[in-house]
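So the chains spell out like this:
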Amino acid sequence: MATLTDRLDHLLGKKAAESLAEQFDIHTVEDLLRHYPMRYATQGQPLTEKAPLDGAHITIIGEVQKADLVRMKNGGWMLKAAVDTGEQRVDITFFNGQKVKHVVAVGKRAMFSGTVKYWRDRWSLSHPDYLILPQSGDATKVKTVSGGGALREMARTAKDSGSGVDMSVFEREFTPIYPASSKVQTWDILRCVRQLLDQLDPVPDPLPAEIRNEHGLVGLDEALRVVHFPDAMADVERAHDRLRFDEALALQLALAQRRYDTSLRNAPRCAPRADGIAAAFDERLPFELTAGQRAVAAEVAADIARPHPMSRLLQGEVGSGKTIVALRAMLQVVDAGLQCALLAPTEVLAAQHYRSLRTMLGPLAMAGELGSAETATKVVLLTGSMSTSAKKSALLDVVTGEAGIVIGTHALIQDNVEFFDLGMVVVDEQHRFGVEQRDALRSKAKAGTSPHLLVMTATPIPRTIAMMTLGDLETSTLRELPRGRSPIKTNVVAAREKPTWVDRAWERIAEEVAAGRQAYVVCSRIGDDDGSAKGEVPNTTSVLEMFDKLRTGPLAHVRVGLLHGRLPGDDKDATMQAFSAGEIDVLVCTTVVEVGVDVPNATVMVIVDADRFGISQLHQLRGRIGRGGNAGLCILISETSPAGGAYARLQAVAGTNDGFELSKLDLEQRREGDVLGVAQAGAQSTLRLLKLLDHGEVVEAAQRFAREIVSADPALTEHPGLATMVGSALDRDRVEFLGKT
Ligand code: ADP
Ligand code: MG
């Protein structure tokens, strides 16, 4: 008898086990049983789409309606058959016509498995494997087997105690069709699964019976068997419900354990003070906080006043004013005598944060300088491209505690930067800030304590995805934009069809500049040696080409600047600063401006080859304009045909300014693996049936249960089955899953 953890070679033989391992990375009984059928063939029904893809490996069952021998040029005979699957007629050809004609004959019911080949508009199966099925009413055991290729082999191995061939598997109403390859076909997998299930001991259920009852879930043993050999589609649904719940649960348990672990850690209490720098900053604010900002600020203020580390995700539309919320929290920490680190994804953004925080704080950021306020602190910038002496002095400010706020890229927490007393870390615009980095952070705080953590993102993550990927963080959301923002208008321009509209775009820029405003022109690549170095001919306009074209052509009379990632750090910073200061009218750039860059006077953005960008990315990009109360105009230029899907995507972006809606759209258009790739790499292997966008209620139920059980039994010592589940979810590459939030 067998259990889930057994290796397959003993049970199935070396050869079968090897090919499963090679083709599908399947090694254990559990691996194989969790290789679920992708669909089920019902007798006589089509096993596939009306028009399968060329080259797809498919399986059909049906009745042979026609079988004619046709003479070939080489003198051989080809059998041209047609099979009625109940929904459509499928053409099938065999090259060894003489041999098959006795078997594949009119009136026979058979299964065919082969590769789809198109000729003109018609598709057919060419020389498929086949298996003649017993006619309904025939004895289930037949003495001889007719079949060809892998199917014949399969029918043979299904021999039941030598007395005949057990064809019962084909008598079932639902035949599982597995994700297969031409080396290991769905038949091979079916045979192996069948063999295993016969030997499998009852599978113990890690879920307590009351939980199963509460959620109406079938047992694991039943689910694993039924999913392969169901009697009705309703059974499949029930099995799927159970298996899906397990997928959500394993990760939620891991996250709940992490969350619990964090809650036990100590963090510095940073109680609000009425007479400190935070209060002085509130006095200075030139505008009123939005209701959303006030609510989130209050949540954060309460979190960091507690003796346990805050772990909070702040998501909010581009321009919703997350930075102020973070800054207020940082000042509360400074008031408690501790330091804050603000991490930005790029040096450009770090430098900009440095400047804008200093501007907002004014004399409050000038500790040690002339004219500073009494409660002032010091804000320092620390980035890799700074000169050694500048770095040295910044590091000194950090280690002595002179600096209350330290701004930099990830190097801040990865490198050998020593803080005097780190109280909080704010991570801006970063959705790939993972557990390892959080762990690295902990070592930066005083022994025995962990800093508070605030992660900010403008890429809204749909709720259930956030729950699965950042499930150990609390979430706050800023939905409204500060008053006085004019909505951004977005137009799509089909460059091929309407070349004059492209010229019009440059004119619009010139007009805005004449009115004293600024513009961005964003390109998809840099263009010196990228891509072309690899021998491909890029059919997109590079930022260098565009820069030359504009400053010698349509925008020759205005000040045009160039910004891209491969410029030296100092140049980048100088250009960005000049643009902020209004010394550059038009910034021709790559996506280095994607996140966080804030120049309120910029009102137009032209995105060249817009189809090269993702939906969320376009939304992020255009969030750079319309920040100053003047109407924003975004022009998406694309060479793609207005009839195509890429163009439709651009129109969707033009059609709404709601980032949440767009990010949902974005995710719906990707495969689930990619969905997770956005927020988290490596999870594909764990999630087979759970579709995060569709099964929100499952994730929620699993999270509730996981948190409940972990708070009662943190190490899951009383629930060894659940502990194993967590273990296998985090196994192998799956460790990555939690590692790359
Ligand atoms: P994001 O959420 O995209 O990071 P920022 O924090 O950069 O947005 O804020 C965008 C701009 O809005 C900044 O110039 C900021 O000073 C301004 N701002 C923030 N809050 C308000 C408010 N309540 N009223 C008016 N302007 C605000
Ligand atoms: Mg920001």
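Details of the structure are given in the entry above.
All of these numbers come straight from a predicted model, not from anything done at the bench.

Parameters at a glance
Residues numbered from 1 in each chain as written. Chains lettered and ligands numbered in written order. Predicted model: local features only at pLDDT ≥ 70, side-chain atom pairs only at ≥ 80, totals over all residues. Heavy atoms only, no water. Buried < 20%, exposed > 50% of the residue type's maximum accessible area, 1.4 Å probe, protein only. Helix = DSSP H or I, 4+ residues; strand = E, 2+ residues; numbered from the N terminus. Pairing = 2+ DSSP bridges. Right-handed = clockwise from strand over helix to strand, strands pointing away. Axes fitted to C-alpha atoms, helices over the stretch in contact; angles between N-to-C directions. Contact = heavy atoms within 4.5 Å. Near = heavy atom within 4 Å. Polar contact = N/O pair within 3.5 Å; in protein donor to acceptor, adjacent residues only side chain to side chain. Areas by Shrake-Rupley, 256 points an atom, 1.4 Å probe, with all protein chains shown as cover. Salt bridge = Lys/Arg side-chain N within 4 Å of Asp/Glu carboxyl O.

Caption draft 1: View of the pairing of strand 23 (residues 602-607). Burial analysis of strand 23 places 6 of its 6 residues in the buried class, the great majority of the element. Of the strand pairs in this sheet, strand 20 (residues 518-522) and strand 23 are connected by 5 bridges, and their pairing is parallel. Paired with Tyr520 across the bridge in strand 23 is Met605. Bridge count between strand 23 and strand 24 (residues 632-638): 4 bridges; the pairing is parallel. Paired with Val606 across the strands is Ile635, a residue of strand 24. Crossover strand 23 to strand 24 through helix 22 (residues 615-622) is right-handed.

Caption draft 2: Highlighting the sheet that holds strand 18 (residues 474-478). Taking strand neighbours across the sheet as the criterion, the 7 strands line up as 14-15-13-16-17-12-18 in an open arrangement whose pairing is parallel. Two strands bound the open sheet, and with one partner strand each, they are strand 14 (378-382) and strand 18. Pairwise comparison of adjacent strand axes, ignoring direction, gives a mean angle of 20 degrees for this sheet. Relative to strand 17 (residues 452-457), strand 16 (residues 422-427) runs parallel, the two sharing 4 bridges. The partner of Val425 across the bridge, within strand 17, is Leu453. Helix 12 (residues 291-304) rests against strand 12 (311-316), strand 16, strand 17 and strand 18 of the sheet, and its axis sits at about 155 degrees to strand 18.

Caption draft 3: Representation of the site of ligand 1 in the model. Looking at ligand 1, there are 17 residues lining it, with Gly319, Lys322, Thr323, Arg485 and Asp598 nearest. In the model, a nitrogen atom of ligand 1 is placed 2.8 Å from a nitrogen or oxygen of the Glu288 main chain. Thr323 places a side-chain nitrogen or oxygen 2.7 Å from an oxygen atom of ligand 1. Look at ligand 1: alone it shows 560 Å² of surface, and the protein chains cover 86% of it.

Caption draft 4: How the structure looks around the pattern of salt bridges. Inspection of the entire model under this criterion finds 30 salt bridges. A salt bridge links Arg225 to Asp221; the nearest nitrogen and oxygen atoms lie 3.1 Å apart. Of the two residues, Arg225 and Asp221 both sit in helix 9 (residues 220-226), 4 residues apart, roughly one turn of that helix. Look at Asp221 and you get partly exposed, because its relative accessible area is 22%.

Caption draft 5: Quick peek at the side chain of His452. Along the chain, His452 turns up in strand 17. In this structure the side chain of His452 is engaged in a polar contact, spanning 2.8 Å, whose partner is the backbone oxygen of Pro268. Separated by 3.4 Å, the side chain of His452 and the backbone oxygen of Ile304 make a polar contact.

The quantities given are spatial measurements derived from coordinates; they are silent on function.
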